[in-house]
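Descriptive structure summary
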Amino acid sequence: MKQVALVTGSSRGIGAACARALARAGYAVCINCVERTDRAAALAGELKAAGAEVIWQQADVADAAAVRAMVGRIERELGYVTLLVNNAGIAKQQQFQDIEPETWKRIFDVNLGGCFNTIQAVLPHMLYEHSGCIVNMSSIWGIHGASCEVTYSSTKHAIVGLTRSLAAELAPTGIRVNCVAPGVINTDMVQVLGRETLDMLSEEIPLRKLGRAEDIAEAVLFLARSEYTTGQVLSVDGGFII
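So, a few notes on the structure that sits alongside this text. (Residues numbered from 1 in each chain as written. Predicted model: local features only at pLDDT ≥ 70, side-chain atom pairs only at ≥ 80, totals over all residues. Heavy atoms only, no water.)

1. Some remarks on helix α5 (residues 113-129)
- Taking 1.5 Å per residue, 17 residues should reach 24 Å; α5 reaches 25 Å between its end C-alpha atoms and fits that length.
- Restricting attention to buried positions, one finds in α5 the residues Gly113, Gly114, Cys115, Asn117, Thr118, Ile119, Ala121, Val122, Leu123, His125 and Met126.
- On its buried side, α5 packs onto α3 (64-77), β4 (83-86), α4 (101-111), β5 (132-137), α6 (150-170) and β6 (175-182).
- Directly after α5, the chain includes His130, whose backbone phi takes a positive value near 55°. (Helix = DSSP H or I, 4+ residues; strand = E, 2+ residues; numbered from the N terminus. Expected span 1.5 Å × (residues − 1). Buried < 20%, exposed > 50% of the residue type's maximum accessible area, 1.4 Å probe, protein only. Contact = heavy atoms within 4.5 Å.)

Now the structure itself:
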């Protein structure tokens, strides 16, 4: 069967690293973005030049209709999705009492609602084939909890629950559902913390360094290939929450 991957939020950072790794592994890949169309197009061009079969699509994963349209295009141009990587996510650091309802709702709509929308869109064919793999992106803050990141942490805890529950539900059909929980990964998202905080975090990590986006991509590829692994949360964090 042709291997086709949809990686949400893949114009940069962890998502882009996942798209590159999967393309190298022989997957046809759909790169997804919501704002950085320039980066999505550039990455698609890079992977095509290397011989991969790639398309890119702008779609807000919080918008169910946009997700269905994206998946429809993938099915027409690449084939049915056999691997879904739910990477799209947003965060905002603030104290709990300062969180506005609109912020709470938007982060949940993207981080958790995005998983709901994409899984529902690709699941029918996976069920028909009794085959498929879903990899959701949580975080160490979805296991450990994080001060001043209650909204983000709550969504990532929910993604762990979604992964384990859906894995149990879908296991009899042969569909595997797993989760990666990245630690402090050196991408644009963590740069808002500032150099001093990042240096302090590096000292707290047993391996004494920040992770790379490629470290997470390798974990995603492992879970995509591991046919006897489901319902698992794989922490890739340098030992941060040992």
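Having seen it, we continue.
2. Points about the sheet that holds strand β3 (residues 54-58)
- Reading across the sheet, the seven strands line up as β3-β2-β1-β4-β5-β6-β7 and stay open at both edges, with parallel pairing between neighbours. Since the sheet does not close on itself, it has two edges, and those belong to β3 and β7 (233-236), each with one partner. Taken over all neighbouring pairs, the strand axes of this sheet differ in orientation by 15° on average, direction set aside.
- Pairing analysis gives four bridges linking strand β1 (residues 4-7) to strand β2 (residues 28-33), with the strands arranged parallel. Counterpart to Val4 in the pairing with β2 is Ala28. (Pairing = 2+ DSSP bridges. Axes fitted to C-alpha atoms, helices over the stretch in contact; angles between N-to-C directions.)

3. Some details on the environment of Gly45
- Tracing the backbone through its elements, the reader meets Gly45 in helix α2 (residues 37-49).
- Considering only alpha carbons, one finds Gly45 and Gly15, 30 residues apart in sequence, at a separation of 16 Å.

4. A word on the packing of α5 against α6
- One can describe the packing of α5 onto α6 by two numbers: an axis separation of 13 Å at closest approach and a directional angle of 15°. In terms of axis orientation, α5 runs roughly parallel to α6. Handedness of the α5/α6 crossing: right-handed. Where α5 approaches α6, its residues Cys115, Ile119, Leu123 and Leu127 are matched on the opposing element by Ile159, Leu162, Leu166 and Leu170. (Parallel < 35°, antiparallel > 145°, perpendicular 65-115°, else oblique. Left-handed = near helix turned anticlockwise from the far one by under 90°.)

5. What about the layout of surface pockets?
- Roughly 1300 Å³ of internal volume is contained in the largest pocket.
- Lining of the largest pocket is provided by 48 residues; of these, Gly89, Ile90, Ala91, Tyr152 and Met189 occupy positions nearest its centre.
- Going through the elements one at a time, α1 (13-24), β2, α4, α6 and α7 (195-204) are the ones with two or more residues in the lining of the largest pocket.
- In terms of residue count, α7 provides more of the lining of the largest pocket than any other element does, four residues in total.
- Its residues placed into classes, the lining of the largest pocket shows 24 nonpolar, 14 polar and ten charged.
- For the second largest pocket, the lining is made up of 13 residues, of which Gln3, Ser131, Gly132, Arg176 and Ala224 are closest to its centre. (1 Å grid on protein atoms, 1.4 Å probe; cavity = no way out; pocket = protein on both sides within 12 Å on 5 of 7 lines; lining within 4 Å. Points joined across faces, edges and corners; volume = space filled by probe spheres on them. Nonpolar A, V, L, I, M, F, W, Y, C, P; charged D, E, K, R; others polar.)

Function-wise, these values are silent; they only describe arrangement.
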